[in-house]
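Architecture at a glance
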Amino acid sequence: MTFLDLFVALYHAVVYAVIAGAMLVVSYYVLDLVTPGHLGSHLRGVDETGTESVHAQSRSAGLVTSAWLVSNALVLFTAIWTNGETDLGWALLWTVSFGALGILLNTVMFFAIEAITPGNLRKIVCEPGPVRPLAYVASATAVSVAAIVSASIA
């Protein structure tokens, strides 16, 4: 090992972190698009008047958003972990490709869960108050997608 090896490894870490971070931001905005209203408002607890209130917060939205981000981060982690020793260009292509696949499959499964369960999952997830049971189902589904996609990579 030389100092050059260390600098190359640090450079790769920074590149992976920037790419993975950007993919997680995209993931958040995709979830924002599939849920009614502005997801950030549901998380912060902004009421109709624009005032922040703990009573307007959606704990279900917090749970689903957290699971959604963890799910997509696990896919990105697995893509980086399994391809980190290859050429940086190919490894980044794998990371972006599987990251996009994870986001797409999470979105498809979110709509599938909504289709097979009673009620409007997108609306229920964003309602203020305590965590609703469907939010647990949506969260478990997101983590399951991560497990499946990660297994396909490894």
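The following paragraphs examine the structure supplied in this document. (Residues numbered from 1 in each chain as written. Predicted model: local features only at pLDDT ≥ 70, side-chain atom pairs only at ≥ 80, totals over all residues. Heavy atoms only, no water.)

Structural notes on the overall build of the chain
Counted only if it meets this: Helix and strand assignments follow DSSP, with helices taken as H or I runs no shorter than four residues and strands as E runs no shorter than two, numbered in order from the N terminus. Classification of residues uses two cut-offs on accessible area relative to the type maximum, computed with a 1.4 Å probe and protein chains only: under 20% is buried, over 50% is exposed, and between them is partly exposed. We call two residues in contact when some of their heavy atoms are within 4.5 Å. All accessible areas in this document rest on Shrake-Rupley with a 1.4 Å probe, and a residue is counted as covered only by the protein chains that are shown.
In terms of helices and strands, the chain carries six helices and zero strands. Ordering the α and β elements of the chain from the N terminus gives α-α-α-α-α-α. For the chain, the spread of C-alpha atoms along the three principal axes comes to 60 × 35 × 20 Å. Scored against the burial criterion, the 154 residues of the chain give a buried share of 39%. If you take every contact in the chain between residues at least 6 apart in sequence, the share linking residues at least 24 apart comes to 71%. For the chain, the accessible area works out to roughly 8,600 Å², and carbon and sulfur atoms hold 72% of it.

Points about a nonpolar patch on the surface
Rule in force here: Patch definition: residues with relative accessible area over 30% and no salt bridge; like charges joined within 9 Å; nonpolar side chains (Val, Leu, Ile, Met, Phe, Trp, Tyr) joined within 5 Å. Salt bridges are defined by distance alone: a side-chain nitrogen of Lys or Arg within 4 Å of a carboxyl oxygen of Asp or Glu.
Residues L101, L104, L105, V108 and M109 make up a contiguous nonpolar surface patch of roughly 380 Å² in combined accessible area. Along the chain, L105 falls in helix α4 (residues 88-116). With relative accessibility at 30%, the residue L105 sits in the partly exposed group.

Focus: the packing of helix α3 (residues 59-83) against α4
Formally: For helices, the axis comes from a line fit to the C-alpha atoms of the stretch in contact; other axes are also lines fit to C-alpha atoms, and the angle between any two N-to-C directions lies between 0 and 180 degrees. Each angle gets one of four labels, with under 35 degrees taken as roughly parallel, over 145 as roughly antiparallel, 65 to 115 as roughly perpendicular, and the rest as oblique. A crossing counts as left-handed when the near helix is turned anticlockwise from the far one by less than a right angle, and as right-handed when that turn is clockwise. Residues are grouped as follows: Ala, Val, Leu, Ile, Met, Phe, Trp, Tyr, Cys and Pro are nonpolar; Asp, Glu, Lys and Arg are charged; every other residue, Gly included, is polar.
α4 packs onto α3 with a crossing angle of 150° between their chain directions and a minimal axis gap of 9 Å. The pairing of α3 with α4 is recorded here as roughly antiparallel in orientation. You can see that α3 and α4 cross each other, and the crossing is right-handed. Where α3 approaches α4, its residues V64, W68, S71, N72, V75, L76, A79, I80 and N83 are matched on the opposing element by A91, W94, T95, F98, G99, G102, I103, N106, T107 and F110. In the contact of α3 with α4, the residues fall into eleven nonpolar, eight polar and no charged.

Side note on the layout of surface pockets
Test applied: A pocket, in this scheme, is an open set of points on a 1 Å grid over the protein atoms alone with protein on both sides within 12 Å along at least 5 of 7 lines, while a cavity is a set where a 1.4 Å probe fits but cannot get out; residues line either one if an atom lies within 4 Å of a point. Grid points are joined across faces, edges and corners, and a volume is the space filled by probe spheres set on the points.
Quantified by volume, the largest pocket comes out at close to 190 Å³. Lining of the largest pocket is provided by P36, S41, H42, V46, D47, E48, A56, K123, C126, E127 and P128. Here the residues of the lining of the largest pocket sort into five nonpolar, two polar and four charged. Computed from the structure, the second largest pocket encloses a volume of approximately 170 Å³. Lining the second largest pocket are D5, V8, A9, H12, Y16, G84 and E85. The residue makeup of the lining of the second largest pocket, split by class, is three nonpolar, two polar and two charged.

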